[in-house]
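Coordinate inspection notes
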Amino acid sequence: MDSQCSSSVGSRATIGVVGNINSTPISARIESYEGGEKKCISDVRRTFCLFVTFDLLFVTLLWIIELNVNGGIQDQLKKEVLDYDYHKSFFDIFLLAVFRFAALILAYAVCKLRHWWAIAITTAIATGFLIVKVVVSKLLSQGAFGYLLPIVSFILAWIETWLLDFKVLPQEAGDEIRYLSVQNALDREPLLLPGPVPDGQFYSPPESMADSDEDLDDKHDLEKPIV
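So, the nonpolar core
Formed by 34 residues in total, the largest nonpolar core has its most connected members in F48, F90, I93, Y108 and L164. Those elements that place two or more of their residues in this core are α2 (43-69), α4 (91-110), α5 (117-136) and α6 (144-188). When residues in this core are grouped by element, the largest group, 10 residues, is from α2. Once residues within four sequence positions are removed from consideration, Y108 is found in contact with I41, R45, F48, L113, H115, W116, W117, A118, I119 and L164.

A short note on the packing of aromatic side chains
Tallied over the full model, the rule gives 8 aromatic pairs. Seen from their ring centres, W63 and F94 are 4.9 Å apart, and the 15 degrees between their planes marks the pair as stacked. Residue W63 is located in helix α2, and its partner F94 is located in helix α4; the two are separated by 31 residues in the primary sequence. Of the residues examined, W63 reaches a relative accessible area of 7% and is grouped as buried. Following the ring pairs from residue to residue traces out a cluster consisting of F51, F54 and F58. In this structure, K133 is placed above the aromatic ring of Y86, and the distance from its NZ or CZ to the ring centre is 4.5 Å.

Overview of the pattern of salt bridges
Taken as a whole and judged by the stated rule, the model has 7 salt bridges. With a closest N to O distance of 2.9 Å, D55 and R100 form a salt bridge. Of this pair, D55 sits in helix α2 while R100 is found in helix α4, placing the two residues 45 residues apart along the sequence. In this structure, D55 and R100 share a single accessibility class: buried. For the salt bridge of D175 with R178, the shortest nitrogen-to-oxygen distance reads 2.2 Å.

Analysis parameters
- Residues numbered from 1 in each chain as written.
- Predicted model: local features only at pLDDT ≥ 70, side-chain atom pairs only at ≥ 80, totals over all residues.
- Heavy atoms only, no water.
- Core = buried A, V, L, I, M, F, W, Y, C linked by side-chain atoms within 4.5 Å.
- Buried < 20%, exposed > 50% of the residue type's maximum accessible area, 1.4 Å probe, protein only.
- Helix = DSSP H or I, 4+ residues; strand = E, 2+ residues; numbered from the N terminus.
- Contact = heavy atoms within 4.5 Å.
- Phe/Tyr/Trp six-rings, centres within 6.5 Å; stacked < 30°, edge-to-face > 60°.
- Lys NZ or Arg CZ within 6 Å of the ring centre and 35° of its normal.
- Salt bridge = Lys/Arg side-chain N within 4 Å of Asp/Glu carboxyl O.

What follows is the structure in structure tokens.
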């Protein structure tokens, strides 16, 4: 009887441990993915937005340095902004960086777009404009900044395209697939986990009221007369 009770207790403990092992990893994983879904923006998308901001700030810094080198900010701002000349001014390259920043932040940070068409449009516009600017204008005759600003703007635009197309979108798609697979695995689990086994399933048969064969033999031996 004691052995049967101990076996029932052991079996219940084993089932409880198995239930915990099966349920804990799935629940932990689903909670982690739900926590990731609650984020306003993913980590890789945030990195992309930071790089877009860096693009604008870096081009702005180079343009301000160019204004200071060529005779002072106020005089050069009047010359490049108010008296704008497509062939000599760098102001349009700065505006191109502002356009790229506004379009990409609106598309991928505010609207959380999950497609490449916005970055494709901005990169195509930036590439076409810079190529025409270098070929038609006279920037190359204005010193180092005539080479530096168009090249830096061109490279940063294509780095943004590579970062979104090969890092942001594939990683977010992979995270979403893993999240859905974990949810499907959780849905396939039984709604009620196996609980403790009732004590009624483990019982000992009632003791037999009839005498066993050994008891009968002992009685016959006792009843024999002693010679």
